[in-house]
Amino acid sequence: MLRFAYHLNGKGLSHAALRRWCRGVVDAGLAGVVAPGDVVELTTPSLPWAFEQSVVADDRVSEGGKSFSRIKYTGREGVWTFANVQEAEVPAWRSWYLATAGGRLPFVLEFRDVLHVVVAPGPFPLVMQRAEIWAGQLTVREAL
């Protein structure tokens, strides 16, 4: 299982307050999450999947042929594919998605028994594949 902890009223908090809440969850562990936080257990992503170091940069070449690069982000990142998600799990996904403003607000992810503060901005990650079965992708990026 993959577990997320998120603040139910995160949209109403300042960025600093939400980061403090996330750090508190990381320090206390997911067992220490109390209201207004929630912990959701999700189906483990399908293989292949990763959460590894990544460098996102703006690489450009000028009209004169000069190259330059500006690093925008360094940290862990991964694209996870979910298949065969049962319909019963979808309401928990929706609650997480809405409470985190589409994955744009930080939340806590448990990955291999280590807690990380992450964001996952983007459209709702699941689509219905067939009756009661959902699938999709989620790009998770460490929030530094």
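Residues numbered from 1 in each chain as written. Predicted model: local features only at pLDDT ≥ 70, side-chain atom pairs only at ≥ 80, totals over all residues. Heavy atoms only, no water.

(A) Broad picture of the pattern of salt bridges. Per the counting criterion, the structure on display carries 5 salt bridges. For glutamate 142, the salt bridge is made with arginine 76, and the minimal N-O distance between the two is 3.0 Å. Of this pair, glutamate 142 sits in strand E8 (residues 133-142) while arginine 76 sits in strand E4 (residues 67-86), placing them 66 residues apart in sequence. Using a relative accessible area of 29% as the deciding quantity, one classes arginine 76 as partly exposed. (Salt bridge = Lys/Arg side-chain N within 4 Å of Asp/Glu carboxyl O. Helix = DSSP H or I, 4+ residues; strand = E, 2+ residues; numbered from the N terminus. Buried < 20%, exposed > 50% of the residue type's maximum accessible area, 1.4 Å probe, protein only.)

(B) View of the nonpolar core. In this structure, Trp96 and Leu109 are the most contacted members of the largest nonpolar core, which totals 23 residues. For this core, the secondary-structure elements that each account for two or more residues are strand E1 (2-7), strand E2 (37-42), E4, helix H2 (90-99), strand E5 (107-111) and E8. The greatest single-element share of this core, amounting to 5 residues, is contributed by H2. If we skip the residues at most four places from it in the chain, leucine 109 touches Leu2, Arg3, Phe4, Phe51, Trp80, Val114, Leu115, His116, Val118 and Val140. By size, the runner-up hydrophobic cluster in this structure holds 13 residues, among which are Val26, Val108, Val117 and Val119. (Core = buried A, V, L, I, M, F, W, Y, C linked by side-chain atoms within 4.5 Å. Contact = heavy atoms within 4.5 Å.)

(C) Here's a closer look at the side chain of histidine 7. Its place among the elements puts histidine 7 in strand E1. For histidine 7, a relative accessible area of 8% corresponds to the buried category. One polar contact links the side chain of histidine 7 to the main-chain amide nitrogen of asparagine 9, over a distance of 3.0 Å. The residues contacting histidine 7, other than those within four sequence positions of it, are Leu13, Leu18, Trp21, Pro36, Gly37 and Ala99. (Polar contact = N/O pair within 3.5 Å; in protein donor to acceptor, adjacent residues only side chain to side chain.)

(D) Representation of the packing of aromatic side chains within the structure. With the rule as written, the count across this model stands at 9 aromatic pairs. Ring geometry for tryptophan 96 versus phenylalanine 107: centroids 5.3 Å apart, planes at 80 degrees, classification edge-to-face. Taken together, the positions of tryptophan 96 in helix H2 and phenylalanine 107 in strand E5 put the pair 11 residues apart, joining distant regions of the chain. When its relative accessible area of 1% is taken as the criterion, tryptophan 96 is described as buried. Ring centres of tyrosine 97 and phenylalanine 124 lie 5.4 Å apart, and the angle between their planes is 85 degrees; on these two criteria the pair is classed as edge-to-face. Of this pair, tyrosine 97 sits in helix H2 while phenylalanine 124 is found in the loop between strand E6 (114-119) and strand E7 (126-130), placing the two residues 27 residues apart along the sequence. (Phe/Tyr/Trp six-rings, centres within 6.5 Å; stacked < 30°, edge-to-face > 60°.)

Nothing here speaks to function; it is geometry throughout.
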